[in-house]
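Below are the chains, spelled out letter by letter.
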Amino acid sequence: MKEQLLKMPGQKFAINELVMGRWPGSNLYYEVQVVSFDNITDHYTVKYKDGTELELKESDIKHTSSFRSKKRHSGSSSPSRRRSRSRSRSPGRTSKNISRRSNSQGREIKEVKKAAILETKLTPMLRENSVGRYNGERYILEKTDASLSFTQVVDGMPLSNGKALKYRINGFYAFVLTATSVGVSLYFKMGLYYVYDHFLQLAVSATVFSVLLSIYLYVRSYKVPHEELSLAGNSGNLVYDFFMGRELNPCIGTFDLKYFCELRPGLIGWVVINLVMLLAEMKAQNLDAPSLSMILVNSFQFLYVVDALWNEEAILTTMDITHDGFGFMLAFGDLVWVPFVYSLQAFYLVNHPTKISWPIASAVIALNVFGYAIFRGANSQKYAFRRNPNDPKLAHLKSIPTATGKNLLISGWWGLVRHPNYLGDIIMALAWSLPCGFNHILPYFYVIYFTCLLIHREARDERQCKKKYGLAWEKYCQRVQYRIFPYIY
Ligand code: NDP
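Residues numbered from 1 in each chain as written. Predicted model: local features only at pLDDT ≥ 70, side-chain atom pairs only at ≥ 80, totals over all residues. Heavy atoms only, no water.

I'd love a proper account of the site of the ligand, names of residues and values included.
Around the ligand, the surrounding shell holds 23 residues, and the nearest of these are Y422, D425, R457, D461 and Y469. Between the ligand and R457, the relevant distance is 2.6 Å, taken from an oxygen atom to a side-chain nitrogen or oxygen of the residue. Protein chains bury 84% of the 940 Å² of accessible surface belonging to the ligand in isolation. For the shell around the ligand, the secondary structure elements donating two or more residues are α13 (358–387), β13 (407–409), α15 (420–433), α16 (445–469) and α17 (471–479). The element contributing the most residues to the shell around the ligand is α16, with seven residues. In terms of residue class, the shell around the ligand is built from 13 nonpolar, three polar and seven charged. (Near = heavy atom within 4 Å. Polar contact = N/O pair within 3.5 Å; in protein donor to acceptor, adjacent residues only side chain to side chain. Areas by Shrake-Rupley, 256 points an atom, 1.4 Å probe, with all protein chains shown as cover. Helix = DSSP H or I, 4+ residues; strand = E, 2+ residues; numbered from the N terminus. Nonpolar A, V, L, I, M, F, W, Y, C, P; charged D, E, K, R; others polar.)

Which residues make up the pattern of salt bridges, and what are the values?
For the coordinates displayed, the defined rule picks out five salt bridges. Two residues, R220 and E247, come together in a salt bridge whose shortest N-O distance is 3.0 Å. Placement of the pair is R220 in helix α6 (residues 199–220) and E247 in the loop between α7 (238–244) and β10 (251–252), with a sequence separation of 27 residues. The pair R220 / E247 is uniform in exposure class, with both members buried. Between E462 and R418 there is a salt bridge, with its nearest N and O atoms 2.8 Å apart. Here R418 lies in the loop between α14 (413–416) and α15 and E462 lies in helix α16, a separation of 44 residues in the sequence. Both residues of the pair, E462 and R418, belong to the buried class. (Salt bridge = Lys/Arg side-chain N within 4 Å of Asp/Glu carboxyl O. Buried < 20%, exposed > 50% of the residue type's maximum accessible area, 1.4 Å probe, protein only.)

How would you summarise the packing of aromatic side chains if you had to cite specific residues and measurements?
We describe a pair of aromatic rings using the distance from one ring centre to the other and the angle between the two ring planes. With the rule as written, the count across this model stands at 37 aromatic pairs. Each ring, one from W337 and one from F445, has its centre 6.0 Å from the other, and the planes form 65°; the classification is edge-to-face. With W337 in helix α11 (residues 328–341) and F445 in helix α16, this residue pair connects regions lying 108 residues apart in the sequence. Exposure remark for W337: the relative accessible area of 24% places this residue in the partly exposed category. Between Y342 and Y446, the aromatic rings sit 4.6 Å apart at their centres with planes inclined by 70°, giving edge-to-face as the arrangement. Note that Y342 is positioned in the loop between α11 and α12 (344–351) and Y446 in helix α16, a separation of 104 residues in sequence. The residues Y342 and Y446 share a single accessibility class, namely buried. Here the guanidinium or amino end of R246 rests over the ring plane of Y222, the centre of that ring lying 3.9 Å away. Across the ring face of Y193, the terminal group of K283 is positioned such that the distance to the ring centre comes to 3.9 Å. (Phe/Tyr/Trp six-rings, centres within 6.5 Å; stacked < 30°, edge-to-face > 60°. Lys NZ or Arg CZ within 6 Å of the ring centre and 35° of its normal.)

Let's hear about the UniProt feature "transmembrane region" (unreviewed entry) in the chain: which residues, and what values?
Following the UniProt record, the feature "transmembrane region" (unreviewed entry) maps to residues 172–193, 199–219, 330–350, 356–375, 396–417 and 437–456 here. The straight-line gap between the two end C-alpha atoms of residues 199–219 is 30 Å; of that span, 100% is helix and 0% is strand. From the first C-alpha to the last, residues 437–456 spans 28 Å; its make-up is 60% helix and 0% strand. (UniProt positions renumbered as here; feature names shortened; annotations may be inferred.)

Break down the nonpolar core for me, citing the residues and quoting the values.
The biggest cluster of nonpolar side chains holds 40 residues, and the ones touching the most others in it are Y259, W270, Y304 and W432. The biggest single contributor to this core is α15, with eight residues. Counting 28 residues, the second largest nonpolar core, distinct from the first, contains L217, C261, I273 and F340. (Core = buried A, V, L, I, M, F, W, Y, C linked by side-chain atoms within 4.5 Å.)

So what's going on with helix α9 (residues 292–310)? Residues and values would help.
Its 19 residues give α9 an end-to-end C-alpha distance of 26 Å, which sits within 8% of 27 Å, the value for a rise of 1.5 Å per residue. All buried positions along α9 are accounted for by L292, S293, M294, L296, V297, N298, F300, Q301, Y304, V305, D307 and L309. Buried residues along α9 sit against α4 (171–187), α8 (257–284), α12, α13, α15 and α16. (Expected span 1.5 Å × (residues − 1). Contact = heavy atoms within 4.5 Å.)

So what's going on with the environment of F370? Residues and values would help.
With respect to the helices and strands, the residue F370 is situated in helix α13. The class of F370 is partly exposed, set by a relative accessible area of 48%. Separated by 58 residues in the primary sequence, F370 and M428 have C-alpha atoms spaced 8.0 Å apart.

Account for the pairing of strand β1 (residues 18–22), naming residues and giving values.
Summarising burial for β1: four of the five residues are buried, a large majority. Examined bridge by bridge, β1 and strand β5 (residues 61–63) share three bridges and lie antiparallel to one another. Within the sheet, the bridge partner assigned to V19 lies in β5 and is H63. (Pairing = 2+ DSSP bridges.)

This is how it looks when you write it as structure tokens:
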């Protein structure tokens, strides 16, 4: 028998009405039933399909009709229909710490909320999809309107206060705009060679700027609420905190300083500097066309940067964004280290003519393609698996369960070594150095430094995963014995 919908004056949603309720601390909306309304707090008690009851604010509830148009558009069936086919589970049910009793007490509700925030923190963001899946459960991701039609605005990972910042995904367009400006400068012969001539001065200026920026960031961090500080940079030691960064997401208005610096000036600056080196080489060595070595270095690194900007959204789940504060380490890394140090191979080639034969060049290209295939394959496989573990395209992959409800891949790229993406990245780094020959160590600085960086990073991630997944992680390590290099390390 159909339940009666009851609505008091001032109440937007009726008792017994089926609505979409936001899971606390996330963007995920589930079909829920309104159980009661408290006209003193203006909160609704809603019931999820698995019986979990939570209190939600009116702003966290939406009419199901506001989602239906999207579902029809994407051609998928309603979440509730799909849910009834599979075993219904809310994210909260996946955590062993969460009470599932329908008559949850206030303390239990807090527990549920806390765990939900924790779990959604571990969930990668989705690209464009309005419908996704979490631990086998379908959910709907609220899309945010972008004021510019060519940008996509997405929510970042939930912060400790349960809120999520909004990020404008338009790095690729920023790159296209820069490329157009560079093209126009070249057309009007505006002398990009200046950058090569003043390479050191520009690097020093960028360093001074990053120091000033870090001082500004350090000072302003004392004005923000404690909950907006990073866990990593608040030791009380001035030097350490200045280096690590105190504030997690410093913003001027809606302009997020860390997010902006992470990809745009550094990565885009890197390929612009590489191009300048290419022009400088032609001028210095009186060439009609750049050398094959220079073309290879430029093309390989161009591909890497375009790939990062094209997949910009993936950065929202990285440690830099979710964990580290914005201080000298990231400011210097983003604004100085990446553009001026990563371009050292191209810089070296300007005054060190290096001839390589086509067979050698072909072998180096093959090595870069090989590295890229591992790097992209591994990153995409994990991203797809985290986004939708039940994706039929991933059905051939084996995984093991963990207590958090998330599974760990034990076959495919992630069954080869524990960090196949690092392996691919290091192979590419080697391919970027080889076109420079073997006469000098400078072009090999990047691959040596980067290998050390990723070995250290792998150890950090390993510690965190051990903490996060406990026994399941140990089981994974037994199955997949090597960390980065098969049969070596
Ligand atoms: P990863 O993308 O490797 O992410 C590590 C996380 O993946 C773990 O914490 C865990 O998180 C998840 N994970 C680990 N094992 C498995 C598994 N078997 N199955 C499913 N999920 C698993 O880390 P990074 O952010 O360090 O690297 C991203 C990319 O960026 C890499 O390609 C790296 O090479 C590159 N990079 C480049 C740098 C540069 O300067 N050029 C610097 C640093 C990184 P969870 O389970 O919570 O999802």
